Amino acid sequence: MRIVYHLGAHCTDEERLLRCLLKNRGRLAEEGIVVPGPAKYRSLLRDTAMSLKGEAASEETQTMIMEQIMSENRAERVILSWDNFMGFAPSAVRGGIYTSGPDRMHAFCQIFPGVETEFHLAIRNPATFVPAMFHKQKGRAYEDFIEGMDVASLRWSTLISALRERNPQVPITVWCDEDTPLLWPEILRAVSGHSDKITLTETDDLLASIMSADGMGRMAGYIESHPPQDATQRRRVVSAFLDKFALTDQVEVEIDMPGWSEDLIAGMTEGYDQDVSRIIAMDGVHFLTA
């Protein structure tokens, strides 16, 4: 059995990935892929990890936890998704990006220490990630939220390198949230691990949230009459229709943060682009690119 942790991050797919896989859980079950409902494992795993205090769970504890998570007798792959695995939103950029994430994920992995594990993570330009996280706060002043952090220094590569160092046996799949609309089928397949024999349904929620209904209808008609031969062709089709039918208020991000200048935002974006190249070159990391 293999356990797959989809780590979010916050303010990326907003649980669309989990909802899509849950809608297809019957099809996925045909290949031994189990997608438990989140209520079955989120609090349970958090509480168990805390009680273990970094120690490996006993076989008895592992069996008990797994029986509560899934009702199936066997599974080849169990998908667990929660954007709070690495930390809760208020502390997501405290001292860096998810600084407690590597230790937290090590603690979660100790629940099933003998089971093969994967991490999957969407990253996002800190120039938009930080504002999105800030706006999730309720009544919290910017100064309290940022706590003196130099936002220009935020790097996802620091987190991913630490995840690899703390959990060296765990491969990590990473993609840019900005590319998610183009990569959606590949992301779903990477996380679920399903074969070519399975075709997932109801996979259009993400595109429908950023493209007009007219555009969605036209694209569906075009794909039906001109089926893409591969993922690259599909991405080109989706990109073309997004160029013409994207909902402007959903795809254009306005950044309005106290004390942030255009030069700061441009510098953060350039740093993010360089950081992506750094992550792509890391050992043990599979980066999905559009």
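This is a predicted model, so every value here is computed, not measured. (Residues numbered from 1 in each chain as written. Predicted model: local features only at pLDDT ≥ 70, side-chain atom pairs only at ≥ 80, totals over all residues. Heavy atoms only, no water.)

Draft legend 1. Here's a closer look at the overall build of the protein. Each helix and strand counted, the protein has 14 helices and 6 strands in total. Computed over its C-alpha atoms, the radius of gyration of the protein comes to 20 Å, within 12% of the 19 Å expected for a compact globule of 290 residues. If you line up the protein on its principal axes, its C-alpha atoms span 55 × 55 × 35 Å. Looking at the protein as a whole, 50% of its 290 residues are labelled buried. Here the analysis covers contacts within the protein between residues at least 6 apart in sequence; of these, 81% occur between residues at least 24 apart. For the protein, the computed accessible surface area is about 14,200 Å², with 47% contributed by carbon and sulfur atoms. On the protein, the mean spot of the 29 positive side-chain charges and the mean spot of the 43 negative ones are 4 Å from each other. (Helix = DSSP H or I, 4+ residues; strand = E, 2+ residues; numbered from the N terminus. Rg over C-alpha atoms; globule rule 2.2 N^0.38 Å. Buried < 20%, exposed > 50% of the residue type's maximum accessible area, 1.4 Å probe, protein only. Contact = heavy atoms within 4.5 Å. Areas by Shrake-Rupley, 256 points an atom, 1.4 Å probe, with all protein chains shown as cover. Lys, Arg positive; Asp, Glu negative; His and termini not counted. Charge placed at Lys NZ, Arg CZ, Asp CG, Glu CD.)

Draft legend 2. Summary view of helix α8 (residues 156-166). Taken as a whole, α8 has its buried residues at W156, S157, L159, I160, L163 and R164. Along α8, the residues classed as buried sweep out an arc of 160° about the axis, all on the same side. Projecting away from the buried face of α8 at angles above 90 degrees are the exposed residues T158 and E165. Each element contacted by the buried residues of α8 is listed here: α5 (101-109), β4 (116-123), α6 (126-136), β5 (172-176), α14 (262-280) and β6 (285-288). (Arc of directions from axis to C-beta.)

Draft legend 3. Local environment of the sheet that holds β6. The 6 strands lie next to each other as β2-β3-β1-β4-β5-β6, forming an open sheet whose pairing is parallel. In the strand order of this sheet, the two ends are held by β2 (33-34) and β6, each with one partner. Summarising the sheet, β4 and β5 pair through 5 bridges and their orientation is parallel. Bridge pairing in β5 links A122 to W175. Relative to β5, helix α9 (residues 180-192) is tilted by about 165°, and along the sheet it contacts β1 (2-6), β2, β3 (77-81), β4, β5 and β6. (Pairing = 2+ DSSP bridges. Axes fitted to C-alpha atoms, helices over the stretch in contact; angles between N-to-C directions.)

Geometric values such as these leave the question of function open.
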